[in-house]
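A structural walkthrough
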Amino acid sequence: MDMDQDSRSSIVIIEAGAGWPTWITEYQRRAPNATVVAQTASEGHAEFRGRVLRRLDELGRGSNVLSVAVVLCAENAHEQAQTTRESICHALSIALEGGDLVLAATDDAEPFKQELFALAGRLCEAPHASRVNVRVRFSSSESGTMPSVVPLVRQSSSPRRAVNSQ
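Source: prediction; values computed, not measured. (Residues numbered from 1 in each chain as written. Predicted model: local features only at pLDDT ≥ 70, side-chain atom pairs only at ≥ 80, totals over all residues. Heavy atoms only, no water.)

**Some points on the overall build of the protein chain**
The test is simple: Put simply, DSSP marks the helices as runs of H or I at least four residues long and the strands as runs of E at least two long, and each gets a number from the N terminus on. Pairs of residues are marked as contacts when any of their non-hydrogen atoms sit within 4.5 Å.
Each helix and strand in the protein chain was counted, giving four helices and five strands. Moving toward the C terminus, one meets the helices and strands of the protein chain in the order β-α-β-α-β-α-β-α-β. Pairs at least 24 apart in sequence give 77% of the contacts found in the protein chain among residues at least 6 apart.

Spelled out as structure tokens, the structure:
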């Protein structure tokens, strides 16, 4: 499917504690209409999953075609985190109109790397997988690590207004 670059969109999903790799800009150049959904430090896995799914639904109603999805993964042995990640990745692979689904992490422990490779394998076996390129990328955290996203708290006793610089 040959489509105008301006109609391509990308989505980046960031789990709390995940790193931000320098190579991500190469994917965003191919699909310049970017959306980022980041898990906050206080957000539960079910809430995060719900927010990602709502955002995917909103993207599906627009005129842009989702062609790149990057999931920045944080090593988390909690079963609920792993289940949430897999659910989000399945939803992304269904929403992608061809293109790339990239699972990314910093150079973490070997068991975590194997977990991501196993997830990639399960995604490749899904019925709709023939139109999606599933990739796994690891990188050092030289470009910076985002330990968590903390919601801005406004103090009512201060005369100044808090400014969110996102």
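There is more to say, and it comes next.
**Section: the pattern of salt bridges**
Side-chain pairs of opposite charge can arise where the charged atoms are in close proximity. What counts, and what does not: By salt bridge we mean one thing: a side-chain nitrogen of Lys or Arg within 4 Å of a carboxyl oxygen of Asp or Glu. Working definition: with a 1.4 Å probe on protein chains only, accessible area under 20% of the residue-type maximum means buried, over 50% means exposed, and in between means partly exposed.
Tallying each qualifying case throughout the model produces six salt bridges. A salt bridge links Arg122 to Glu86; the nearest nitrogen and oxygen atoms lie 2.9 Å apart. Here the residue Arg122 occupies a position in helix H4 (residues 110–124), and Glu86 occupies one in helix H3 (residues 79–95), the gap between them amounting to 36 residues. Taking relative accessible area as the criterion, Arg122 reaches 37% and is therefore assigned partly exposed. When the shortest N-O distance is used, the salt bridge between Asp100 and Arg135 registers 3.2 Å.

**Remarks on the packing of aromatic side chains**
The cut-off we apply is this: Here a pair means two rings of Phe, Tyr or Trp (six-membered ring of Trp) with centres within 6.5 Å. Their orientation is stacked below 30 degrees between planes, edge-to-face above 60, and tilted elsewhere. Two thresholds decide whether a charge sits over a ring: the Lys NZ or Arg CZ must be within 6 Å of the ring centre and within 35 degrees of the ring normal.
This structure, assessed with the given rule, holds one aromatic pair. In this structure, Lys113 packs its charged tip against the face of Phe138, placed 5.3 Å from the ring centre. The ring of Trp23 has Arg137 sitting right over it, with the charged end atom 4.1 Å from the ring centre.

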